[in-house]
There are 2 protein chains.
Amino acid sequence: MAQDTKTNLLDIAETAARSRGFDGFSYADLAEAAGIRKASIHYHFATKAVLSAALMDRYHASVEQVCADIEATHQSAADRLAALATFYRNALGGGETLCLCVAFTISRDSLVDEVKDKIVAFRSMMTRWITALFELGKQDGTISTTSTPEAEAHATLATLEGAHLAAHAEHDLAAFDKATKLLLAR
Amino acid sequence: MAQDTKTNLLDIAETAARSRGFDGFSYADLAEAAGIRKASIHYHFATKAVLSAALMDRYHASVEQVCADIEATHQSAADRLAALATFYRNALGGGETLCLCVAFTISRDSLVDEVKDKIVAFRSMMTRWITALFELGKQDGTISTTSTPEAEAHATLATLEGAHLAAHAEHDLAAFDKATKLLLAR
DNA sequence: GTCTATACTGCGATAGAC
DNA sequence: GTCTATCGCAGTATAGAC
């Protein structure tokens, strides 16, 4: 049951962090949502820095798995790109939750160096995966590209994250769709 | 001299907010940077909510003016788009400062409704301006578009803001250039 | 593993002297 | 307009009982 509490805390903290940023949630918030006292959280995560690192680790692994699943279930580059956009769209929670990487990026100065590095590592992993996607697109001809796969990948990641921001700002999924419409029309 | 202090405080607060978000700076930070006591700040801005509203108002007006200046000094749509990207690039402060609208979006839940509305209004203003830019691009043929001007505008704003995030995450202007390379190559 | 109790720090905000 | 002083609250973190 100890492990369940820890996972439960990670779930609650992830939602909170992705909704309000690293500075926007406290141990008191987590305690209330988890139904335990805030002092008890320190048993599972000694400091908030430790918690933030655990969040990024789990998020990185989780998204990496999603990418692997997309590869396994979608053959063409166009299908994979569409699946990636759908994943980002579903990750929004109706405009409530951003990508953890985006949420942490704004709170940058409150994070320990270790976590900042994890953000960069996450971005690097995503860029590499999307680059490979566009390389496939060049081969199978299902995506019309105008530049190198790497340039397309950086632009795609920026657009997806910017679309997340738009939906969060407007609190409306439609903003995400408007911003990504172009991405999917090729 | 009173007005100077107020403007000075706005300048300091804007940099702080764009670097670390709304939750990431305090009256104590501003006081130290301005060389006065934190209690004195309340004379100029009674509450932090009032300060945040003033910041958004000034930012909105300032960016709107930049857009007007771009129209006055750049004739073709392609030139105007390039000038807009350059403005965003310069606004980065080497990866330190985001667009205020982006920085506030993540701190959404700490903001009063009035300021949330100002964020939406700012985004609406920008989208309208960029839409007009792409409408011109259709006429003068200096930008190759693949969709409606409005869809292009939403995608462009998302990409610019996403590129800002990328540069902030990596603390490197090169990340902005990589993400916007595609935008400018058309 | 979770609790109560508490230490310490920093926050936004206010009162009132100058 | 700016100051000192202080309030009340919330933040992370720790000690020690159970």
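As shown above, the structure is provided for reference.
Residues numbered from 1 in each chain as written. Chains lettered and ligands numbered in written order. Predicted model: local features only at pLDDT ≥ 70, side-chain atom pairs only at ≥ 80, totals over all residues. Heavy atoms only, no water.

1. Comments concerning the relation of the copies chain B and chain A
Applying a rotation about an axis and a shift along it to one chain copy brings it onto the other copy. Rotating chain B by 180 degrees and translating it 0.0 Å along the rotation axis places it on chain A, where the RMSD comes to 0.0 Å. Seen this way, the second copy is the image of the first under a two-fold rotation axis. Comparing interface residues between copies, 100% of those in chain B also sit at the interface in chain A, which points to an isologous, same-surface contact. (Least-squares fit on C-alpha atoms with pLDDT ≥ 70 in both. Contact = heavy atoms within 4.5 Å.)

2. Some details on the packing of helix H9 (residues 173–184) of chain A against helix H8 (residues 149–170) of chain B
At a closest axis distance of 8 Å, the pairing of H9(A) and H8(B) adopts a crossing angle of 100 degrees. The angle between H9(A) and H8(B) places the two elements in the roughly perpendicular class. Here H9(A) contributes Lys178(A), Ala179(A), Lys181(A) and Leu182(A) to the contact with H8(B), which in turn contributes Ala151(B), Glu152(B), His154(B), Ala155(B) and Ala158(B). Of the residues in the contact of H9(A) with H8(B), the class split is five nonpolar, one polar and three charged. (Axes fitted to C-alpha atoms, helices over the stretch in contact; angles between N-to-C directions. Helix = DSSP H or I, 4+ residues; strand = E, 2+ residues; numbered from the N terminus. Parallel < 35°, antiparallel > 145°, perpendicular 65-115°, else oblique. Nonpolar A, V, L, I, M, F, W, Y, C, P; charged D, E, K, R; others polar.)

3. Section: the side chain of Glu161(A)
Relative to the elements of secondary structure, Glu161(A) occurs in helix H8 (residues 149–170). Setting aside residues no more than four positions away along its own chain, Glu161(A) makes contact with Tyr88(A), Cys99(A), Cys101(A), Val102(A), Arg123(A) and Leu165(B).

4. Brief notes about the packing of aromatic side chains
What characterises a pair of aromatic rings is the spacing of the ring centres plus the angle enclosed by the ring planes. Per the counting criterion, the structure on display carries eight aromatic pairs over all chains. Measuring from centroid to centroid gives 5.7 Å for Phe22(A) and Phe104(A), while their planes differ by 85 degrees, and the two rings are edge-to-face. Here Phe104(A) lies in helix H6 (residues 100–106) and Phe22(A) lies in the loop between helix H1 (2–20) and helix H2 (27–34), a separation of 82 residues in the sequence. Measuring from ring centre to ring centre gives 5.8 Å for Phe87(B) and Tyr88(B), while their planes differ by 80 degrees; the resulting arrangement is edge-to-face. The structure contains a cluster of three or more aromatic residues connected by ring pairs, namely Phe22(A), Phe25(A) and Phe104(A). (Phe/Tyr/Trp six-rings, centres within 6.5 Å; stacked < 30°, edge-to-face > 60°.)

5. Digging into the interface of chain B and chain A
Contacts between the two partners involve 37 residues from chain B and, on the opposite side, 37 residues from chain A. The contact between chain B and chain A buries some 3300 Å² in all, and 64% of this surface belongs to carbon and sulfur atoms. Scanning the region where chain B abuts chain A turns up two salt bridges. Residue Glu170(A) pairs with Arg123(B) through a salt bridge whose shortest N-O separation is 3.3 Å. Inspection of the region where chain B meets chain A yields five residue pairs in polar contact (both at pLDDT 80 or more). Of all the elements in the fold, those that place two or more residues in the side of chain B that touches chain A are helix H1 (2–20), helix H6 (100–106), helix H7 (113–140), H8 and helix H9 (173–184) of chain B. Sort the elements by how many residues they give to the side of chain B that touches chain A and H8(B) lands first, with 14 residues. Of the residues in the side of chain B that touches chain A, the class split is 15 nonpolar, eleven polar and eleven charged. (Buried area = accessible area lost by both parts, 1.4 Å probe. Salt bridge = Lys/Arg side-chain N within 4 Å of Asp/Glu carboxyl O. Polar contact = N/O pair within 3.5 Å; in protein donor to acceptor, adjacent residues only side chain to side chain.)

6. Quick notes on unusual backbone geometry
Positioned with a positive phi, His171(A) is a non-glycine residue whose angle comes to about 55 degrees. Counting through the fold element by element, His171(A) comes out in the loop between H8 and H9.

7. Details of H9(A)
Here H9(A) spans 16 Å end to end across twelve residues, near enough to the 16 Å set by a 1.5 Å rise per residue. Regarding H9(A), the residues found buried are Ala175(A), Phe176(A), Ala179(A), Thr180(A), Leu182(A) and Leu183(A). With its buried residues spanning 135 degrees around the axis, H9(A) presents them on a single face. For H9(A), the secondary structure elements touched by its buried residues are helix H5 (77–91) and H8 of chain A together with H8 of chain B. Backbone nitrogen of Ala174(A) and a side-chain oxygen of the N-cap are separated by 3.1 Å at the start of H9(A); the cap is Asp172(A). (Expected span 1.5 Å × (residues − 1). Buried < 20%, exposed > 50% of the residue type's maximum accessible area, 1.4 Å probe, protein only. Arc of directions from axis to C-beta.)

8. Side note on the environment of Ala166(A)
Residue and element names in this part refer to chain A. For Ala166, the position within the fold is in helix H8. Judged by relative accessible area, Ala166 falls into the buried class, the value being 3%. Through-space distance from the C-alpha of Ala166 to that of Lys116 is 23 Å; in sequence the pair is 50 residues apart.

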